[in-house]
Amino acid sequence: MRIGVCPGSFDPVTLGHMDIIERATKIFDKVIVAVLNNPAKQTSFTVEERVTLLKRATEHLPTVEVDSFEGLLADYAKLCHATAIVKGLRALSDFEYEFQMALTNQRLNKGLETVFLTTSSDNMFLSSSVVKDIARFGGDISTLVPSCILNDIKQRLRSEERRVGKECRSRWS
């Protein structure tokens with residue numbers, strides 16, 4: 001069985017992520033979407049929330065499993081018997097970092113390949129950071145995230161914006 005791991009923060013999952021995940025299902029028998037738990041990184045959604053949102057967004061994909069991990073991706077891939085890591089690329093700047101990571105992961109796990117999928121032109125600008133910035137200020141993110149989780153994302157990020165706005169207003173009053 002060919003198993004691919006799609007790792008990421010997914011904070012939150014976007015249509016760009018979904019494009020890569022869906023295309024990976026055409027290459028691999030099983031795709032594990034692995035949410036990175038990085039305690040050093042401040043996220044808008046907990047690991048558990050990101051896993052839940054991804055499960056809902058991928059429920060139409062029977063060969064997709066959603067999990068979380070911390071530590072080295074190469075070790076996680078070995079544990080899952082994955083033959084490849086699947087990474088999406090938006091721009092040349094993504095490639096430089098991802099190429100370095102691919103070589104590192106291959107050094108740590110000899111049988112592990114990295115498959116790069118270029119994003120569709122519709123999603124070249126799209127990142128979780130862009131979604132968060134737009135949502136925090138009440139912008140329309142309906143064409144940027146899966147519709148089945150749109151309200152969850154809007155609710156969380158709008159509440160962040162209100163909290164931050166309140167802190168700024170009290171500081172300058």
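Sequence order as written defines residue numbering, which begins from 1 separately in each chain. Given that this is a predicted model, residues contribute local features only at a pLDDT of at least 70 and side-chain atom pairs are listed and counted only at 80 or more, while totals for whole chains, interfaces and linings are drawn from all residues. Only hydrogens and water are set aside; all other atoms, that is, all heavy atoms of the structure, feed into the side-chain values.

Q: Go over the layout of surface pockets, please, and point to the residues and values.
A: Using a grid of 1 Å spacing that covers the protein atoms alone, one calls a set of points a cavity when a 1.4 Å probe fits there but cannot get out, and a pocket when the set is open and has protein on both sides within 12 Å along at least five of seven lines; lining residues are those with an atom within 4 Å of a point. Grid points are joined across faces, edges and corners, and a volume is the space filled by probe spheres set on the points. In this model, the largest pocket occupies a volume close to 1100 Å³. Forming the walls of the largest pocket are 41 residues, and the residues nearest its centre are Pro7, Gly8, Ser9, Lys87 and Glu98. Secondary structure is summarised from DSSP: a helix means a run of H or I of at least four residues, a strand means a run of E of at least two, and numbering begins at the N terminus for each. Of all elements in the fold, only strand S1 (3–8), helix H1 (15–24), strand S4 (84–89), helix H4 (92–108) and helix H5 (128–136) reach the threshold of two or more residues within the lining of the largest pocket. Broken down by element, the residue count for the lining of the largest pocket peaks at eight residues, all from H4. Residues belonging to the lining of the largest pocket are distributed by class as follows: 17 nonpolar, 17 polar and seven charged. As a working rule, the residues Ala, Val, Leu, Ile, Met, Phe, Trp, Tyr, Cys and Pro are called nonpolar, Asp, Glu, Lys and Arg charged, and the rest polar, with Gly in that last group.

Q: If you had to explain empty space enclosed by the protein to someone new, which residues and values would you point to?
A: Under the counting rule described, the total for this entry stands at one cavity of 30 Å³ or more. Of the voids in this model, the largest cavity is the one considered here, and its volume is about 40 Å³. Contributing to the lining of the largest cavity are Ser9, Leu36, Asn37, Asn38, Lys41, Thr43 and Arg50. Residues of the lining of the largest cavity, tallied by class, amount to one nonpolar, four polar and two charged.

Q: So what's going on with the nonpolar core? Which residues, and what values?
A: As used in this record, nonpolar core signifies buried Ala, Val, Leu, Ile, Met, Phe, Trp, Tyr and Cys residues forming a set joined through side-chain atoms within 4.5 Å. Each residue is assigned to one of three classes by its accessible area relative to the maximum for its type, calculated with a 1.4 Å probe on protein chains only: buried under 20%, partly exposed between the two thresholds, exposed over 50%. Core analysis: the largest hydrophobic core is formed by 33 residues, its most contacted members being Cys6, Ile21, Val33, Leu54, Ile141 and Ile153. It only takes one pair of heavy atoms within 4.5 Å for two residues to be counted as in contact. Discounting residues that sit within four places of it in the chain, Ile153 has contacts with Pro12, Val13, Phe45, Val131, Ile141 and Val145. Core analysis: the second largest hydrophobic core is formed by 13 residues, Ile3, Val5, Ala34 and Ala77 among them.

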